[in-house]
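Each chain, letter by letter, is given below.
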Amino acid sequence: MIVNSVELKNFTVFENLSIDTSNQINIFIGENGTGKTHLLKAIYTTCEVSKNGKDADTLKKCFKNYDSVILAKNKNNRTIDITLKTDSSNKEVIAVSLTFDTLRIVNNNSTENISTNNNESSEESYQIHFPQNVTFSATFIPSKDMLTHSKGLLAMADKYREFPFDKTLLDVISKANQWTLRQTPELAISILPILEEMIDGTVISENEEFFILKKDGRKINFAVEAEGFKKIGLLWQLLMNESINSDSILIWDEPEANLNPAFIPNLVECLLELSRHGVQIFLSTHNYIFAKYFNVRALESDSIMFHGLYKDDNSVQCESNKNFAALKHNAIIKVFNQLLEEVYNLDLGD
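This one's a predicted model, so the numbers in the text were calculated from it and none came from an experiment.

Visitor: Help me understand the sheet that holds strand S15 (residues 304-312) in this model?
Guide: Pairing between the strands of a sheet is mediated by backbone hydrogen bonds and can be parallel or antiparallel. On the basis of which strands lie adjacent, the open sheet formed by six strands has the order S9-S13-S14-S3-S15-S16 and mixed pairing. One side of each edge strand has no neighbouring strand; the edge strands of this open sheet are strand S9 (138-141) and strand S16 (315-321). Direction aside, the axes of adjacent strands within the sheet are offset by 15° on average. Relative to S15, strand S3 (residues 25-29) runs parallel, the two sharing five bridges. Residue pairing across strands places Phe28 opposite His307, the latter belonging to S15.

Visitor: How should the pattern of salt bridges be read in this particular structure?
Guide: Between side chains of opposite charge, a pair can form when the charged atoms approach closely. The final tally for this structure, using the stated rule, is 15 salt bridges. A salt bridge links Glu7 to Lys85, with the shortest nitrogen-to-oxygen separation between them at 3.1 Å. In this pair, Glu7 sits in strand S1 (residues 5-11) while Lys85 sits in strand S4 (residues 79-85), placing the two residues 78 residues apart along the sequence. Residue Glu7 is classed as buried on the basis of its relative accessible area, which comes to 19%. A relative accessible area of 27% places Lys85 in the partly exposed class. As a salt-bridge pair, Lys51 and Glu48 come within 3.0 Å of each other at their nearest N and O atoms. Of this pair, Lys51 and Glu48 are both found in helix H1 (residues 36-51), three residues apart, which corresponds to roughly one turn of the helix. Here the salt bridges share partners, and the residues they tie into one network are Glu269, Glu273, Arg276, Arg297 and Asp302.

Reading guide: rules and limits
- Residues numbered from 1 in each chain as written.
- Predicted model: local features only at pLDDT ≥ 70, side-chain atom pairs only at ≥ 80, totals over all residues.
- Heavy atoms only, no water.
- Pairing = 2+ DSSP bridges.
- Helix = DSSP H or I, 4+ residues; strand = E, 2+ residues; numbered from the N terminus.
- Axes fitted to C-alpha atoms, helices over the stretch in contact; angles between N-to-C directions.
- Salt bridge = Lys/Arg side-chain N within 4 Å of Asp/Glu carboxyl O.
- Buried < 20%, exposed > 50% of the residue type's maximum accessible area, 1.4 Å probe, protein only.

Quick look at the structure:
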């Protein structure tokens, strides 16, 4: 199911934000502190709740068990509201309303109350909205490499109450650990050869550890492999076990981080190809080359939207445009132009 718009109210740095999204590729840019990762996590949280609305702690789990005292922008109003919309229905249903002691499921005017503790009801709450009878299937790839630490990590997370990794970090390990298919999925037929050329091999998993099996027969553990290779290897694995498939959502925080710049055009081509086969993609980046390549490599039929997040009156707003260079609030181009100016002055001998 495709997300056509995202709304955030009183959530971290966002007071009241509404973004219309592309059905193919969405690229979020902005200075540090403008909420790019928070926005991506909010989208993922709603997708997860759409699959299992009774998990009242989903939002807190995605943000390291922070409660709404931390996540609410306005501390005098601790109610957080996250909404995803599709074009299939304008009618929305409150999927989850959490007050830390009661989970309220609202569906077709029926309400079910599930007690989570015996304390009095708190003013702190969050609500997640999405169209009725809609399920979003999403995969979140964090900027941090997690497969290096995969062995035994999920078992430890289940055992210990206070665990330093949030749900998004653990979920990607869980999805990567799923069995790969014997035959390449149709979605990945044109993409896997590109990825395999980049990492010079394929990915294998043994006893909760991940390796890149090189074309010359060497088996390199992710723990000692190059960071960029691990990132591409993870994408290979998620495609081969169909965690990423047509009519699903891929959310990726800074895909280009630690990646060889020579690989960027290939990665962009792979992401474009995924979007052409029904995968809706949400990305964040600080990299000019990575962002610009989407406009360079896109076909006329491709739908790409750049979203520039910027601070305005102590809150964060968003400007959207199909053309990366046309964004008025573009932190990446601003710094790039400063570099060009310094190089120009240097060449002139100033």
